[in-house]
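One-letter residues, chain by chain:
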Amino acid sequence: FHVSDVEAKMMDPHQRLTLEVSFETLFKSHRQDRNDLRTGVYIGIQTSEFSVFQKNNSSYTATGSSLAIAANRVSYSLGLKGPSMSIDTACSSSIVALDTACKAINVSDCEQALVAGVSVILTENSYIATSAANMLSSNGRGATFSSEADGYARGEGCGVILLTSLSNIQKDDFVFGMVQSTAINQDGKSANLTSPNGPSQEAVIKSAIERAGIDVSDIDYIEAHGTGTPLGDPQEIQAIHNVFSAVSYTHLRAHETDSY
């Protein structure tokens, strides 16, 4: 990527991962040379701890530790001229990035978009803070929608997908799926700042269904937030139940997934 050794050492691992996986995604899509398409970059990313390791200031200190530059570096390095932004909405960051990218394509801000989610844990500081708030599982494994749920388990990694409109799909493209609609909202006033709000969760599900122009009976798979907490899980499962309770889903089966 024509990054010097000096600059590379000052780059947050979030930036390195996102740049590498974004290039790999474009390369595998055979669109890395399609500079005629306005390509947006939307990255879901949370607070970084990289500045802890920067002992000496240099011309690369600010860019190397900035969350905004995670998206901008991808656009710069790959020559992409669409909108470029990093989005931090905590654990919903990557899905909000997806929502933003879909809307940008729909209004022709860009013709295709790289959407990413990236997380790297660099120090123990965030573990101490989330443990103090009783957010983490005591044994490091989530137990979502279980009576044994006592917190979530944190993870690391990077995932990137390429979005485009149906009109831009080429005959040799491999299409993994189609996004019928997206919707986001905020809990608004709840018990406290980090507490969920059941009616707000119901509202955003209903909004997505209405925008897609489908009926609740058309849905046969639901991927939940599933924090694995005694506070969040009951609110979410009740919201899902309230939206879908009129439909019989006897063919569905719940799958329990271990989190590490």
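Our structure's up above, just so we're on the same page.
Residues numbered from 1 in each chain as written. Predicted model: local features only at pLDDT ≥ 70, side-chain atom pairs only at ≥ 80, totals over all residues. Heavy atoms only, no water.

Here's the deal with the nonpolar core
Residues Val41, Ile43, Val74, Leu80 and Leu114 are the most contacted members of the largest nonpolar core, which totals 15 residues. At the level of secondary structure, the elements contributing two or more residues to this core comprise helix H2 (13-28), strand S1 (39-45), helix H4 (67-78) and strand S3 (112-119). Ignoring any residue separated from it by four or fewer positions in sequence, one finds Leu114 in contact with Ser22, Thr25, Leu26, Thr39, Gly40, Val41, Tyr42, Val74, Leu80, Val160, Ile161 and Leu162. The next biggest cluster of nonpolar side chains, apart from the first, holds 13 residues, and it includes Leu98, Ile105, Cys110 and Leu163. (Core = buried A, V, L, I, M, F, W, Y, C linked by side-chain atoms within 4.5 Å. Buried < 20%, exposed > 50% of the residue type's maximum accessible area, 1.4 Å probe, protein only. Helix = DSSP H or I, 4+ residues; strand = E, 2+ residues; numbered from the N terminus. Contact = heavy atoms within 4.5 Å.)

Focus: the pairing of S1
S1 sits mainly inside the fold: seven of its seven residues count as buried. Taking every second residue as pointing to the same face, both faces of S1 are buried, with Thr39, Val41, Ile43 and Ile45 on one and Gly40, Tyr42 and Gly44 on the other. Bridging between S1 and S3 involves seven bridges; their strand directions are parallel. For Ile43, the partnering residue across the bridge sits in S3 and is Ala116. (Pairing = 2+ DSSP bridges.)

Re the packing of aromatic side chains
Taken as a whole, this structure holds three aromatic pairs when the rule is applied. Taking 4.9 Å as the distance between ring centres and 75° as the angle between the ring planes, the aromatic pair formed by Phe174 and Phe176 counts as edge-to-face. Judged by its relative accessible area of 80%, Phe176 falls in the exposed class. Through pairs of rings, three or more aromatic residues link up here, namely Phe1, Phe23 and Phe27. Between the NZ or CZ atom of Arg154 and the centre of the ring of Tyr127, over which it lies, the distance is 4.7 Å. (Phe/Tyr/Trp six-rings, centres within 6.5 Å; stacked < 30°, edge-to-face > 60°. Lys NZ or Arg CZ within 6 Å of the ring centre and 35° of its normal.)

Considering the state of the cysteines
In total, this model carries zero disulfides according to the counting rule given. No disulfide involves Cys110; its sulfur sits 9.7 Å from the nearest other cysteine sulfur, which is in Cys102. Taking relative accessible area as the criterion, Cys110 reaches 1% and is therefore assigned buried. The structure places no disulfide on Cys158, whose sulfur is separated from the nearest cysteine sulfur, that of Cys91, by 18 Å. (Disulfide = S-S within 2.5 Å.)

Side note on unusual backbone geometry
Of note, the phi angle at Ala90 is positive, near 60°, even though the residue is not glycine. Of note, Ala90 is situated in the loop between strand S2 (84-87) and helix H5 (93-106). In this model, Phe145 sits at a positive phi of 60°, which is unusual for a non-glycine residue. Counting through the fold element by element, Phe145 comes out in the loop between helix H6 (125-132) and strand S4 (157-164).

Looking at a nonpolar patch on the surface
Together, Leu166, Ile169, Val175 and Met178 make up a nonpolar patch on the protein surface, roughly 390 Å² of accessible area in all. Here Val175 is to be found in the loop between S4 and helix H7 (198-212). Val175 sits in the partly exposed class, given a relative accessible area of 48%. (Patch = residues over 30% accessible without salt bridge, like charges linked within 9 Å, V, L, I, M, F, W, Y side chains within 5 Å. Areas by Shrake-Rupley, 256 points an atom, 1.4 Å probe, with all protein chains shown as cover. Salt bridge = Lys/Arg side-chain N within 4 Å of Asp/Glu carboxyl O.)

Here's the deal with the packing of H2 against H4
In the contact formed by H2 and H4, the axes pass within 9 Å of each other and the chain directions differ by 45°. As the angle between them shows, H2 and H4 are arranged oblique. Between H2 and H4 lies a crossing of right-handed hand. From H2, Gln15, Thr18, Leu19, Ser22, Phe23 and Leu26 reach across to H4, where they touch Ile69, Ala70, Arg73, Val74, Ser77 and Leu78. A per-class count over the contact of H2 with H4 returns seven nonpolar, four polar and one charged. (Axes fitted to C-alpha atoms, helices over the stretch in contact; angles between N-to-C directions. Parallel < 35°, antiparallel > 145°, perpendicular 65-115°, else oblique. Left-handed = near helix turned anticlockwise from the far one by under 90°. Nonpolar A, V, L, I, M, F, W, Y, C, P; charged D, E, K, R; others polar.)

Some thoughts on the sheet that holds S1
Here we have four strands laid out as an open sheet, ordered S2-S1-S3-S4, and mixed in their pairing. Since the sheet does not close on itself, it has two edges, and those belong to S2 and S4, each with one partner. For this sheet the average axis-to-axis angle between neighbouring strands, irrespective of direction, equals 15°. Each of S1, S2, S3 and S4 touches H5; the most contacted strand, S3, lies at about 170° to it.

Description of H4
Residues Ala70, Ala71, Arg73, Val74, Ser75 and Leu78 constitute the buried set of H4. Summarising the contacts, the buried residues of H4 are in contact with helix H1 (5-9), H2, S1, helix H3 (61-65), S2 and S3. At the N-terminal end of H4, a side-chain oxygen is found 3.2 Å from the backbone nitrogen of Ala68, two or three residues along, and the residue is Ser66. Of the residues trailing H4, Gly79 is marked for its positive phi of about 70°. (Polar contact = N/O pair within 3.5 Å; in protein donor to acceptor, adjacent residues only side chain to side chain.)

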